[in-house]
Amino acid sequence: MTFKKLTTKLLAGVLALSTIASLASCSLLEQYIPGFGPQDSSSSEPAPVEKKSYQLTGEFKENLAALGNGFDFMLNLNEDGTAVLARYNPFNYDASDAATNRNYNAEYMKGTWKEAQKDGVDCLQIKLAVHKEDGTTTNDITAYAYDVAGVYSFELNFPLVVGMSFTRKTTLSGGEGKTYADDNAFIQARKLTFEEPASVAKFLSQDAEGKPTGGTVYVQEDGTVLMYSGYTEFAQGTYAKADGSFSVTVGETVVEATIEDKKASFEYTYSMGGGYDIVYNFVCEDYTVIPNMGAVAPTEVKYTGSYNGATYSITVTSETECKYANEAYVAMGLSGFECTYTKNQYGQLVLTAKEEPTNPMLQGIWAKMKDLKWVLNEADKTMNIKYVGTSGDMTCSITILSDTECKYADEAYAGYGLGFECTYTVAENGVITLTAKEEPTNPMLTGIWTKIKGLSWTLNTTNSTMTITAA
């Protein structure tokens, strides 16, 4: 072996020993000195943020006529920051699967949520809107839910019908996590089961072809009748029955049935308020099973309403007769006026005095009252002045609700509940100017509103008509 080769091998050995020593030294340093040596890149990442979700629920209960008696709500605030509000109508007694249930809207409103601070207080910021098929939104809201002992709550302003200006309010409350695992669990928890009232016989409504139209009269053994539209009770009354005759009395209205052998039938109008009526043709195939019962005297029903600072009343005493009064003069000892009445096509009462007054003072009072056209509200026994006028081929109406509020409608659509809640002012010359409380966004309603919103009307307070002033 040459000196050169020996030297090379000795150097290689020294380098190998040096490397081993160096590795051993690093290993010892890494063991005893934290952070020394190569670092795992994952150890420098922040700890994962805990993702939260919340569920808030609430209910709204009110007699909404054709819309039923209210709704239940479930709002899910999901981990991904989305917010989804479901609405359920339990009063149609449908507890079927959420995916096909016509009374359940899983995405009635939707939007986003986040943890936030408002006025220095921790809260949940919730943004919701109705999402339309064209990609636009309506009824957009931003709400803040505050924590009180672990329960978050806020007041929700929601549209009764999507795209319409009629809204209501309800409170949603809840906390972290979920009470209801999914839509079906919510439906099953909130469902109602309809129990038919006890009855000795039923009258079922039908059309001219004999097809059912959703109305029922339950005749009870104690002499009472209960009237239902679908599952909603809209009237109570009594019946009178003898061999060959049957009649129903509801408030001031007495309706005689037509008898054909064992079959009895009669028509009854379900007044939904504001002049919106449903006429039911009720039929009982065998009325003879109903116990005989004597006639019950009609009950007087009093309606009250205010107009131009005065309070008026109409007390209905029969299906054609009433008493009409200015309450201020009644308080002074002056009696009201005995009248007969009819309803016109717009639901307005047309009043006629049984005897025209001859006393000059009473003549003056009657002159200011006789041609006012009132509409009666069965639900709360109030009445409001309703003006009707034409513009081209349209017939419009304004129903005065207070000194500043009204309802405005194209009468061609009013029967479908398509009216507009407004505020108004009246100039000295009698011209009324209207402002919608909320501009409609539904395309159909926008079209109706565009045609009528720019119209100004002059009110004729002597006969509750109105004439066009400007377009």
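Relevant structure appears above.
Residues numbered from 1 in each chain as written. Predicted model: local features only at pLDDT ≥ 70, side-chain atom pairs only at ≥ 80, totals over all residues. Heavy atoms only, no water.

Student: What am I meant to see in the overall build of the chain here?
Tutor: Check the secondary structure of the chain and you find 6 helices and 30 strands. Burial analysis of the chain (471 residues in total) assigns 40% to the buried set. Taking all contacts inside the chain whose residues are at least 6 apart in sequence as the whole, residues at least 24 apart take part in 44%. A total accessible area of about 25700 Å² is found for the chain, and carbon and sulfur atoms account for 52% of it. (Helix = DSSP H or I, 4+ residues; strand = E, 2+ residues; numbered from the N terminus. Buried < 20%, exposed > 50% of the residue type's maximum accessible area, 1.4 Å probe, protein only. Contact = heavy atoms within 4.5 Å. Areas by Shrake-Rupley, 256 points an atom, 1.4 Å probe, with all protein chains shown as cover.)

Student: Whenever I open this one, the pattern of salt bridges confuses me. Can you help?
Tutor: Should their charged atoms come close, side chains of opposite charge can pair. Tallied over the entire structure, the rule returns 13 salt bridges. Where Glu155 meets Lys169, a salt bridge forms, and the shortest distance between an N and an O atom there is 3.9 Å. Pair noted here: Glu155 is in strand E7 (residues 151–159) and Lys169 is in strand E8 (residues 167–176), with a separation of 14 residues, a long-range link. Considered together, Glu155 and Lys169 belong to a single accessibility category, that of exposed residues. One salt bridge connects Lys386 with Glu411, and the closest N-O pair in it is separated by 3.4 Å. Note that Lys386 is positioned in strand E24 (residues 382–391) and Glu411 in helix H5 (residues 411–414), a separation of 25 residues in sequence. For Glu411, a relative accessible area of 17% corresponds to the buried category. Connected through salt bridges with shared partners, the residues Glu59, Lys61, Asp72 and Arg190 form a single ionic network. (Salt bridge = Lys/Arg side-chain N within 4 Å of Asp/Glu carboxyl O.)

Student: Where do I start with helix H2 (residues 183–190) in this structure?
Tutor: Every α-helix carries 3.6 residues per turn, so stepping three or four residues along brings you back to the same face. Looking only at H2, the buried set comprises Phe186, Ile187 and Arg190. Angularly, the buried residues of H2 cover 100 degrees about the axis, an arc narrow enough to put them on a single face. Buried residues along H2 sit in contact with strand E1 (54–61), strand E2 (70–77), strand E3 (82–88) and strand E4 (104–118). Put simply, Asp182 is the residue that caps the front of H2, since its side-chain oxygen is 3.2 Å from the backbone nitrogen of Asn184. (Arc of directions from axis to C-beta. Polar contact = N/O pair within 3.5 Å; in protein donor to acceptor, adjacent residues only side chain to side chain.)

Student: Looking at this structure, I do not really get the nonpolar core. What am I missing?
Tutor: Taken as a class, soluble globular proteins show a tendency for nonpolar side chains to be buried jointly. Counting residues in hydrophobic clusters, the biggest one holds 45 residues, and the most contacted among them are Tyr312, Ile314, Tyr324, Trp374, Ile398, Tyr408 and Ile452. Those residues in contact with Tyr408, other than ones at most four positions away along the chain, are Cys396, Ser397, Ile398, Gly419, Phe420, Cys422, Leu434, Trp449, Ile452, Leu455 and Trp457. The next biggest cluster of nonpolar side chains, apart from the first, holds 27 residues, and it includes Phe73, Leu128, Phe154 and Leu172. (Core = buried A, V, L, I, M, F, W, Y, C linked by side-chain atoms within 4.5 Å.)

Student: Whenever I open this one, the sheet that holds E3 confuses me. Can you help?
Tutor: Two strands in a sheet stick together by hydrogen bonds in their backbones, pointing the same way (parallel) or opposite ways (antiparallel). In spatial order, the strands read E1-E2-E3-E4-E5-E6-E7-E8; together these 8 strands close into a barrel with antiparallel pairing. The sheet shows a mean angle of 25 degrees between the axes of neighbouring strands, direction not considered. Note: E7 against E8, 8 bridges, orientation antiparallel. By the bridge assignment for E8, Ser153 is matched with Ser173. Sheet contacts for H2: E1, E2, E3 and E4; angle to E2, the most-contacted strand, approximately 150 degrees. (Pairing = 2+ DSSP bridges. Axes fitted to C-alpha atoms, helices over the stretch in contact; angles between N-to-C directions.)

Student: How do you make sense of the sheet that holds strand E17 (residues 277–284) when you look at a structure like this?
Tutor: With antiparallel pairing, the 9 strands of this open sheet are ordered in space as E14-E13-E12-E11-E10-E9-E17-E16-E15. Sheet topology places strand E14 (253–256) and strand E15 (258–260) at the edges, where each strand pairs with a single neighbour. Recorded for the sheet is a direction-independent mean angle of 30 degrees between the axes of neighbouring strands. The pairing of E15 with strand E16 (residues 263–271) spans 3 bridges and is antiparallel. In the sheet register, Ile259 faces E16, and the bridge partner there is Ala264.

Student: Explain the pairing of strand E19 (residues 310–316) to me, please; I cannot follow it from the model alone.
Tutor: Within a regular strand, the side chains alternate between the two sheet faces. Of all 7 residues in E19, 6 are buried, a share of seventy percent or more. Judged from the 7 bridges that link them, strand E18 (residues 301–307) and E19 form a sheet pairing that is antiparallel. Residue pairing in the sheet places Tyr303 in a bridge with Ile314 of E19. In this structure, the hairpin formed by E18 and E19 is closed by a connection of 2 residues, where Asn308 is found at a positive phi of approximately 50 degrees. Sheet analysis places E19 next to strand E20 (residues 321–326), joined by 5 bridges and oriented antiparallel. Across the sheet, Val316 pairs through a bridge with Cys322, a residue of E20.

Student: Would you explain the packing of aromatic side chains in this entry?
Tutor: For the structure shown, the criterion picks out 28 aromatic pairs. Each ring, one from Phe194 and one from Tyr228, has its centre 6.0 Å from the other, and the planes form 70 degrees; the classification is edge-to-face. Of this pair, Phe194 sits in the loop between H2 and strand E9 (201–206) while Tyr228 sits in strand E11 (residues 224–229), and the two are 34 residues apart along the sequence. A relative accessible area of 10% means that Tyr228 is categorised as buried. Taken together, the aromatic side chains of Phe203, Phe234, Tyr239, Phe246, Phe266, Tyr268, Tyr270, Tyr280 and Phe282 make up a single cluster linked through ring pairs. The ring centre of Phe71 lies 3.7 Å from the NZ or CZ of Arg87, which sits over that ring. Directly above the ring of Tyr144 sits Lys118, whose terminal nitrogen or CZ lies 4.8 Å from the centroid. (Phe/Tyr/Trp six-rings, centres within 6.5 Å; stacked < 30°, edge-to-face > 60°. Lys NZ or Arg CZ within 6 Å of the ring centre and 35° of its normal.)

Student: Is there a simple way to explain unusual backbone geometry in this structure?
Tutor: Most peptide bonds adopt trans geometry, and most residues besides glycine take a negative phi value. Backbone geometry at Asn139 places phi at a positive 55 degrees, although glycine is not the residue there. Tracing the backbone through its elements, the reader meets Asn139 in strand E6 (residues 137–148). Residue Asp261 is not a glycine yet carries a positive backbone phi of 60 degrees. One can find Asp261 in the loop between E15 and E16.

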